[in-house]
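Chain and residue survey
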There are 4 protein chains.
Amino acid sequence: MSSETLKNYPLPELEYYKIYGRTDESQYPLPLFFNGSGIEVNVTGSELWIDVEVDYDVYEPWIFTKLNDAFMSRQMLTKGSHSICLFRGMSPSEVKNMKFFRELQAMDGDKNCRLLVKGFRSDGFFLPVSEKRYKLEFLGDSLTSGEGTYGAVGDNDWLPMYMSFSHDYTSMVADALDADFRIISHGGWGVLCGWDNDPRHNIPSCYEKICGISKGEVFESLGADKPYRFRDWKPDAIIVNLGTNDDAAFKQPPFTVPGTGETFGLRSNPDSSYNENDLELFKQAVIDFLFMLRRNNPDSHIVWAYGMYEYTLTFPITDAMNRYRKMSGDTNVAFLQLQDTPADAMGARSHPGVKMHEQAAKKISEYLRKRLDA
Amino acid sequence: MSSETLKNYPLPELEYYKIYGRTDESQYPLPLFFNGSGIEVNVTGSELWIDVEVDYDVYEPWIFTKLNDAFMSRQMLTKGSHSICLFRGMSPSEVKNMKFFRELQAMDGDKNCRLLVKGFRSDGFFLPVSEKRYKLEFLGDSLTSGEGTYGAVGDNDWLPMYMSFSHDYTSMVADALDADFRIISHGGWGVLCGWDNDPRHNIPSCYEKICGISKGEVFESLGADKPYRFRDWKPDAIIVNLGTNDDAAFKQPPFTVPGTGETFGLRSNPDSSYNENDLELFKQAVIDFLFMLRRNNPDSHIVWAYGMYEYTLTFPITDAMNRYRKMSGDTNVAFLQLQDTPADAMGARSHPGVKMHEQAAKKISEYLRKRLDA
Amino acid sequence: MSSETLKNYPLPELEYYKIYGRTDESQYPLPLFFNGSGIEVNVTGSELWIDVEVDYDVYEPWIFTKLNDAFMSRQMLTKGSHSICLFRGMSPSEVKNMKFFRELQAMDGDKNCRLLVKGFRSDGFFLPVSEKRYKLEFLGDSLTSGEGTYGAVGDNDWLPMYMSFSHDYTSMVADALDADFRIISHGGWGVLCGWDNDPRHNIPSCYEKICGISKGEVFESLGADKPYRFRDWKPDAIIVNLGTNDDAAFKQPPFTVPGTGETFGLRSNPDSSYNENDLELFKQAVIDFLFMLRRNNPDSHIVWAYGMYEYTLTFPITDAMNRYRKMSGDTNVAFLQLQDTPADAMGARSHPGVKMHEQAAKKISEYLRKRLDA
Amino acid sequence: MSSETLKNYPLPELEYYKIYGRTDESQYPLPLFFNGSGIEVNVTGSELWIDVEVDYDVYEPWIFTKLNDAFMSRQMLTKGSHSICLFRGMSPSEVKNMKFFRELQAMDGDKNCRLLVKGFRSDGFFLPVSEKRYKLEFLGDSLTSGEGTYGAVGDNDWLPMYMSFSHDYTSMVADALDADFRIISHGGWGVLCGWDNDPRHNIPSCYEKICGISKGEVFESLGADKPYRFRDWKPDAIIVNLGTNDDAAFKQPPFTVPGTGETFGLRSNPDSSYNENDLELFKQAVIDFLFMLRRNNPDSHIVWAYGMYEYTLTFPITDAMNRYRKMSGDTNVAFLQLQDTPADAMGARSHPGVKMHEQAAKKISEYLRKRLDA
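Residues numbered from 1 in each chain as written. Chains lettered and ligands numbered in written order. Predicted model: local features only at pLDDT ≥ 70, side-chain atom pairs only at ≥ 80, totals over all residues.

A count of helices and strands for chain A gives six helices and 18 strands. In terms of overall dimensions, chain A is globule-like: its C-alpha atoms have a radius of gyration of 21 Å, near the 21 Å expected for 374 residues. Here the C-alpha coordinates of chain A stretch approximately 70 × 50 × 40 Å along the principal axes. Looking at chain A as a whole, 56% of its 374 residues qualify as buried. Pairs at least 24 apart in sequence give 75% of the contacts found in chain A among residues at least 6 apart. (Helix = DSSP H or I, 4+ residues; strand = E, 2+ residues; numbered from the N terminus. Rg over C-alpha atoms; globule rule 2.2 N^0.38 Å. Buried ≥ 20, exposed ≤ 12 C-beta atoms within 10 Å, placed from the backbone. Contact = placed C-beta atoms within 7 Å.)

Between chain C and chain D, the contact holds 20 residues from the first and 20 residues from the second. Within the residue set of the side of chain C that touches chain D, elements represented by two or more residues are α5 (314-328), β18 (333-337) and α6 (354-373) of chain C. Residue composition of the side of chain C that touches chain D, grouped by class: eight nonpolar, seven polar and five charged. (Nonpolar A, V, L, I, M, F, W, Y, C, P; charged D, E, K, R; others polar.)

Residues and elements named next belong to chain D. Read across the sheet, five strands follow the order β13-β12-β14-β17-β18 without closing on themselves; strand pairing throughout is parallel. Looking at which strands have only one partner, the edges of the open sheet turn out to be β13 (179-185) and β18 (333-337). Recorded for the sheet is a direction-independent mean angle of 20 degrees between the axes of neighbouring strands. One ladder, built from five bridges, connects strand β17 (residues 301-306) with β18; its direction is parallel. When the sheet's bridge partners are listed, Ala305 is paired in β18 with Leu336. (Pairing = 2+ DSSP bridges. Axes fitted to C-alpha atoms, helices over the stretch in contact; angles between N-to-C directions.)

Each copy superposes on the other: chain C lies on chain A with an RMSD of 0.0 Å after a rotation of 180 degrees and an axial shift of 0.0 Å. Taken together, these values place the two copies in the relation of a two-fold axis. When C-alpha positions in chain C are compared against the rotation axis, the closest is assigned to Arg74 of chain C, at 2.6 Å. In this assembly the copies share their binding face: 100% of the residues contributing to the interface of chain C also contribute to that of chain A. (Least-squares fit on C-alpha atoms with pLDDT ≥ 70 in both.)

All names here are of chain B. The N-to-C vectors of helix α4 (residues 276-296) and helix α5 (residues 314-328) enclose an angle of 50 degrees; their axes lie 9 Å apart at closest approach. By the criterion of interaxial angle, the relationship of α4 to α5 is oblique. The two elements α4 and α5 cross, and the hand of that crossing is right-handed. Mapping the contact onto sequence places Leu279, Phe282, Lys283, Val286, Ile287, Leu290, Phe291 and Arg294 in α4 and Pro316, Ile317, Asp319, Ala320, Met321, Arg323, Tyr324 and Ser328 in α5. (Parallel < 35°, antiparallel > 145°, perpendicular 65-115°, else oblique. Left-handed = near helix turned anticlockwise from the far one by under 90°.)

Least-squares fitting of chain C to chain D yields an RMSD of 0.0 Å, with the transformation described by 0.0 Å of translation along the axis and a rotation of 180 degrees. By residue overlap, the copies meet face to face through one surface: 100% of the interface positions of chain C are interface positions in chain D.

Moving on: the arrangement of the chains. Nothing in chain B touches chain C; the tightest C-alpha to C-alpha distance between them is still 19 Å. Over all C-alpha pairs, chain A and chain D never come within contact, reaching a minimum spacing of 19 Å.

This part is about the interface of chain C and chain A. Contacts between the two partners involve 26 residues from chain C and, on the opposite side, 26 residues from chain A. Residues of the side of chain C that touches chain A, tallied by class, amount to 13 nonpolar, seven polar and six charged.

So, on to the environment of His351 of chain C. Structurally, the position occupied by His351 of chain C is in the loop between β18 and α6. The buried category is assigned to His351 of chain C, around which 24 C-beta atoms lie within 10 Å.

Let us look at helix α5 (residues 314-328) of chain A. When the terminal C-alpha atoms of α5 of chain A are compared, their 21 Å separation across 15 residues agrees well with the 21 Å that a helix rising 1.5 Å per residue should span. Taken as a whole, α5 of chain A has its buried residues at Thr314, Phe315, Ile317, Thr318, Asp319, Ala320, Met321, Asn322 and Tyr324 of chain A. Along its buried surface, α5 of chain A packs onto α4 (276-296), β17 (301-306) and β18 (333-337) of chain A together with α5 and β18 (333-337) of chain B. Downstream of α5 of chain A by one or two residues, Gly329 of chain A has phi in the positive range, about 70 degrees. (Expected span 1.5 Å × (residues − 1).)

Time to look at unusual backbone geometry. Omega for the peptide link from Tyr28 of chain A to Pro29 of chain A comes to 0 degrees, which places this bond in the cis form. At Ser272 of chain B, a position not held by glycine, the phi torsion is positive, near 75 degrees. Positive phi, close to 75 degrees, is recorded for Glu310 of chain D, a residue that is not glycine. The partly exposed category is assigned to Glu310 of chain D, around which 15 C-beta atoms lie within 10 Å.

Residues and elements named next belong to chain A. For chain A, the assigned domains read domain 1 (7-127) and domain 2 (134-373). Each side of the interface is counted separately: domain 1 has 31 residues, and domain 2 has 29 residues. For the side of domain 1 that touches domain 2, the secondary structure elements donating two or more residues are β6 (62-67), β7 (70-76) and β9 (96-102). When residues in the side of domain 1 that touches domain 2 are grouped by element, the largest group, three residues, is from β7. (Domains from an automatic or database assignment.)

It is worth spelling out helix α6 (residues 354-373) of chain D at this point. Residues and elements named next belong to chain D. With 20 residues, α6 ought to run about 28 Å at 1.5 Å a step, and its terminal C-alpha atoms sit 27 Å apart, in line with that. All of the buried residues along α6 are Met356, His357, Gln359, Ala360, Ala361, Lys363, Ile364, Ser365, Tyr367 and Leu368. Summarising the contacts, the buried residues of α6 are in contact with α1 (169-177), β14 (237-241), β17 and β18.

To continue, consider the confidence of the model for chain A. Summing up the model confidence of chain A, the mean pLDDT is 97 and the portion of residues at 70 or higher is 99%. Reported confidences for the modelled complex are a pTM of 0.96 and an ipTM of 0.96. (pLDDT = per-residue confidence, 0-100.)

Residues and elements named next belong to chain B. An order of β13-β12-β14-β17-β18 is seen for the five strands of this open sheet, with the pairing classed as parallel. Edge strands, defined here as strands with exactly one partner in the open sheet, are β13 (179-185) and β18. Geometrically, the sheet is characterised by an average inter-axis angle of 20 degrees between neighbouring strands, direction not taken into account. When strand β14 (residues 237-241) meets strand β17 (residues 301-306), the two strands line up parallel, connected through four bridges. The residue bridging Ile239 from the neighbouring strand is Val303, located in β17.

Next up on the list: the pairing of β13 of chain B. Where a strand is regular, its side chains alternate between the two sheet faces. All names here are of chain B. For β13, the buried fraction is high: seven of the seven residues fall into the buried class. Here β13 shows no split at all, with Ala179, Phe181, Ile183 and Ser185 on one side and Asp180, Arg182 and Ile184 on the other all buried. Here strand β12 (residues 134-140) pairs with β13 via seven bridges, running parallel. Counted as the bridge partner of Gly140 is Ser185 from β13. Of the crossover connections in this fold, the one passing from β12 over helix α1 (residues 169-177) to the parallel β13 is right-handed. (Right-handed = clockwise from strand over helix to strand, strands pointing away.)

A word on the environment of Asn156 of chain A. All names here are of chain A. Within the secondary structure, Asn156 sits in the loop between β12 (134-140) and α1 (169-177). Judged by the 16 C-beta atoms lying within 10 Å of it, Asn156 is partly exposed. With 194 residues separating them along the chain, Asn156 and Ser350 place their C-alpha atoms 7.5 Å apart.

For the rest of this paragraph, the subject is the environment of Asp175 of chain B. Residues and elements named next belong to chain B. Along the chain, Asp175 falls in helix α1. When the 14 C-beta atoms within 10 Å are taken as the criterion, Asp175 is described as partly exposed. Considered as a pair, Asp175 and Val117 are 58 residues apart in the sequence and their alpha carbons are 23 Å apart.

Shown next as structure tokens:
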């Protein structure tokens, strides 16, 4: 498909490149599990292609590219092996910086949804990729998976094309701070349970694996359930944007786990306030997660950034954080309240639109700049 | 000074007008104690003047006017009796809405700083002033006194001209929500103590008087220390923007109260964290203030809005609020974290510039609109 | 490649769709010659694919898509037949509006650069596409081909990926006015000659053919050099954004036409003013073009919109237009001066960035709204 | 009125100050004839007052002040002698930059409307005022007198308070370019005649006097009708914003000059196009004015900036300018088309609001920066 003169560079034979996102780097081809997972190269030559493999049962991955840090393309990838031309016809002697990112979150609901990078083809030479100034880890739900950041207001299907990394606050924070980053997020998930009270849909349960969200044989073979090696990549800050779906769960009926028949449900009182015992479960989940984060990341600053969609759990979250601080003596944590989304700033799927992600990114990055530079 | 044909309307003889801000309405002339205190009329005629009396030892009051809700003038008032022309030459038959506001906070440091309204002069008729949709009470420090919202970046004198109601978030929130409002604020004051650890400089101690900030014989005679009648004006929401100066006090030496020799000081640890016992004093002050607010305002929604200048006390404030909620069972309170001011958005006196007040106003007014409309 | 259950809809068998851009509608597959050329459908079903054929020697076409009028994807198309999935997994019963646009201008320099639409595949039904409120024709150069609207500041290769319709003022004007549109533009071309004095590179010489820019056997066979049928699509307004390259030519050496050896060159005086005789040639070209436009479009409002990159030819253009008005008695023409691009608002290739296109679009669309609504 | 310790500085005894605006500098007190006329000082000390004299029959002057280049106050001045405190209580040793500006245009309709500066009072020392980078002269009508830049949308009285220099594009251009400036403008006036066809209401007839707009004995005694000494202050650029009222005149009935009975009227044709002979009168007035400007300012760049309120006379103005260029050989002139004001951007009195002045200022200042820096 591409011109004859291009040389093939399977990843194992390529000296210089940078991987974004948690993955099992011993795999070939290389799996890009998460939104914001990707690969960056500096390369000369007139032409650059990337070779990928794609599969899924239901949800196809989308990708986007940046050339010299400018947005260049965004597209759906259908099943099969693809050679994607990233650029062609360029001045051969100039060094180009090319970034290739997965837009789509790791999908819990598709045991086959994968995007693997085999390598590049080019007529140029590859050069070292520079280190970023900071390392950031983002943990979250649909807000961190960029749900609704593409698509028309009023579009309401739950689909990959409406999710993104390119328009999400995470990419904006990373750009603003010149940061490397890793993201673990899934729409509808919480700290304790999912929006529908499904107790399996919580981020903490996935946190210590490479990609605990994606399950099944395929992902096992890709290394997704291997323990994640925290010591290899130590984030300067961990940004947790969770709670919005736990909040939603209080207004939903209980969930019965298929197979086990186990039932779980956060309860509201008749006056629509939340049941105190269930709130305590939620708070305990926050506390437990903070201990887990700290255990694995002794030196990282931890910021709980909450509020892009209702402020309802502000008190329970801060109560849990205050208790965690008291129990642990750990003061290297912070609470940031993001701006709630007014009706006229919604994007697709009744989720915050791009302008709200810009505001969230501004608050987080200004905070981190001050904190991390100090 | 004005034309002969104008009729004099001393306030006691005027049927229709609206007073903004806490005051002793039995006084004549009428004292405008606070920033945002003022008077509104609807009037026909070609010309309108207001008659005021002004005095001070050190700090002169400033005022601003709005004609039909558009900013028209802002000026210093020097000592003496003044007739100020608010408009002239207008189409006589049209009804004009005129608002006259004090820009300057109630001044603790000037026992003579007063602005009194005697009445109006006009060739028109006065008509009823319409009610606003909501009632809001703002309690705060320099951020609520608009310090630095006028003046060049780099100007650092502590002066009335740099303070304002016109560029403060309070006026923006009131406009956005079509709300009547009352403000009690003083630069440098806190919930527990002032920025310099002066334990007298806290807003709670003033809250139950008409104007507890301004002390001395002059203000006594003006009714400032009369108990405030809460039942006459019930706010839909109370916005408390306090804590920033208590935070500052932790980094200052202890304060010795002149006269009594009493010493007070919030302490930092050698590692620059804050002394836990002193933090507890602060938290207790927050809790006590919330009880005081609730006792006097059984039905008002209480929002603690904090963060325009450093987020440092987010955890102590939310801890205190969580404890208050538990102790009282009162859930009609909320915490809003405002946006910290980055270096390039500072106004005069190293205080947040107008753009930051716009952001604060946006967050508060969007929150209140959702909450109060519900 | 796509799922088995999709039905194939070759264009000739499809009842409902809308073509954007000048083309020879008798062709199958259907050529999309210009930037902004494209096809729109309303369709139910869960999945929609478009089948295209692509070829080129040098310059590959790029496309972008809009789903329900929201930007969804942008990508390069390499040589060959492609089935591109436009959406999948959607709620089958809902009607989706899908637009598929060519980003790349008609290329003078590539006798093979073509993008042909064969048809669609879907599991839904196609429905009628609604008419737009207005019809607009845009004639221009690189500014109208969106050159530099993608890509990093500092990127300077002359490449398809840096050109666009999606970020060009033309798409913004069309959106703002709810207008159908046709575009004829080529980077470097002028009214009289190209930026390098090439006398063949002028838009008027192409105007009366379907696509006079693209030459050679391939394009002949695609109908590009057929006479354009003006009576079939009567624009409400014609926006001419030309002159910037004629201006540049005055500062360039003469051009020798390959083959004929003919030489052409607009000259500057020693004081760097422009030679009067050559300015007269330029003015005559403007006048001739206005006559040509009017002959073919008796009722269209003609707007010369100039100035996004230097105002230098403002006087020669207005002089020519004033003379045309006098000669013709035609008053249905206007001159709009767009905003020159300051250094800090440049995009890639030292061309105006997206913000300048937004400003240009604002001026043009506000003007046209007032004019066409009158 | 002010404190005893201040020293009186009548202007004749003051060594350092800068006058803005055309005036007769031999007068004492010093007349501030125009909008943007004013006085600037650099001064130490804690306190500064300005002493002024004010009179009028109908239209009272307004003023605004800037401290260290930040807007500080805006107020009406009523009849009489006033001591206005510009600041007080400041750190005595710091040098403060204070600017005092007239907001109100020179008024044709009030033979008594004057604002005279007598001097300052201060406890500080006056220091030299620095020169600005450029000199600009602005000539115009209500757009240049800031009409409608204050006041509510819908307010329609023709009053001084709705006019300003502080919110006008002229002050924004001057700030952006660090320029000294002089302004001659009057609402309703044109190049040839006023909006109502009054042939006396044209700016050219006033241009060669110090302040030809203001007539009568009072102004004669103030030096207003003395010839203006062009050689003393040579503008780098002259910005002419005229034509909007000549345009309006075409739609108005003829005007009969009181006293002489002379009648004047620009005529429209039945199809609402403009009478060609009358357009020619307008064009001739533009040409004559350009010759007058050039004669008096041999080296100044002349920019005709037109279009903030309808583009209608774009062709007549450019035709006249093209003819002037041909007749004179003068190429040091330019035409800038400003942005027409859409309905939703109007300020008071159906005039462009502040945002439109910002846009106009941006176009003019970006143009001039490029041109004057070259």
